[in-house]
Amino acid sequence: MSVMYYGYLPSPIGKLLLAATERGLCRMDFEEGLDMDVELASLAAWAAKLDGVSAESVELVQGGGYIPQAVKELEEYFRGERTAFTVPLDVRGTPFQQRVWQALVDIPYGTVCSYKDIAERIGSPKAVRAVGGANNRNPLPVIVPCHRVVGAAGHMVGYGGGLPIKEALLRLEGAAVRYTIPQEAGL
């Protein structure tokens, strides 16, 4: 039996679904208005794939594990009281994705960089598109701060939660961006 802890966090950017293994926080999703049974079935299927087991052998446990620590740290972040996260992570991906995600964690709070900057930091200067793909597959937005990556000219480009959320996160951190979206994003 594989255990996956989960919890929800209401936040200024919408309701967040958090998931953790025994080793650390492994996933964060922006709620898309799905019904809870659908969300939990999707989480169980994802956890099963992660562990190479059947969805029926995944036990979903609300709260517990690293969920309380993640909720506390995210609440502090959204209040402007935290600039880095210490909750243990269990982020799985290819070696290339792992290098990209580590480079994202290394982007200082309140700053932005380009996909090209990340490609150069990981020693693959020609892999700008692949960096974009890894950034897009980041399972822990906000905590692994993919919102801090902008286009080469400093303009905001795609974000899994949508550009209004990306801008809201950058505004919370005090980062300057060249393209703005109307205030409806919250924060």
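Below or above, wherever it landed, is the structure these notes cover.

Scoring rules and cut-offs
Residues numbered from 1 in each chain as written. Predicted model: local features only at pLDDT ≥ 70, side-chain atom pairs only at ≥ 80, totals over all residues. Heavy atoms only, no water. Helix = DSSP H or I, 4+ residues; strand = E, 2+ residues; numbered from the N terminus. Expected span 1.5 Å × (residues − 1). Buried < 20%, exposed > 50% of the residue type's maximum accessible area, 1.4 Å probe, protein only. Contact = heavy atoms within 4.5 Å. Pairing = 2+ DSSP bridges. Axes fitted to C-alpha atoms, helices over the stretch in contact; angles between N-to-C directions.

What to know about helix 2 (residues 67-78)
So, step 1. Its twelve residues give helix 2 an end-to-end C-alpha distance of 16 Å, which sits within 8% of 16 Å, the value for a rise of 1.5 Å per residue.
So, step 2. Among all positions of helix 2, only I67, A70, V71, E73, L74, E76, Y77 and F78 are buried.
So, step 3. At its buried positions, helix 2 is contacted by strand 1 (2-9), strand 2 (16-20), strand 3 (25-30) and helix 6 (163-173).
So, step 4. Positive phi shows up at G80, right after helix 2, with a value of about 80°.

Observations regarding unusual backbone geometry
So, step 1. A positive phi angle, close to 80°, is found at V142, a residue other than glycine.
So, step 2. Mapped onto the elements, V142 comes out in the loop between helix 5 (128-136) and strand 6 (149-150).
So, step 3. Since its relative accessible area comes to 1%, V142 is described here as buried.

A closer look at the sheet that holds strand 2
So, step 1. In space, the four strands of this open sheet follow the order 3-2-1-4, with mixed pairing throughout. The sheet is open, and its two edges are formed by strand 3 and strand 4 (58-62), each paired on a single side. Pairs of neighbouring strands in the sheet enclose a mean axial angle of 25°, with direction left out of account.
So, step 2. Note: strand 1 against strand 4, five bridges, orientation parallel. Counted as the bridge partner of M4 is L60 from strand 4.

Comments concerning the pairing of strand 1
So, step 1. Within strand 1, seven of the eight residues are buried, leaving the element largely enclosed by the surrounding structure.
So, step 2. As paired strands, strand 1 and strand 2 are joined by five bridges and run antiparallel to one another. Across the sheet, the residue bridging to Y5 is A20, located in strand 2.
So, step 3. Between strand 1 and strand 2, which pair antiparallel in sequence order, lie six residues; one of them, G14, sits at a positive phi of approximately 110°.

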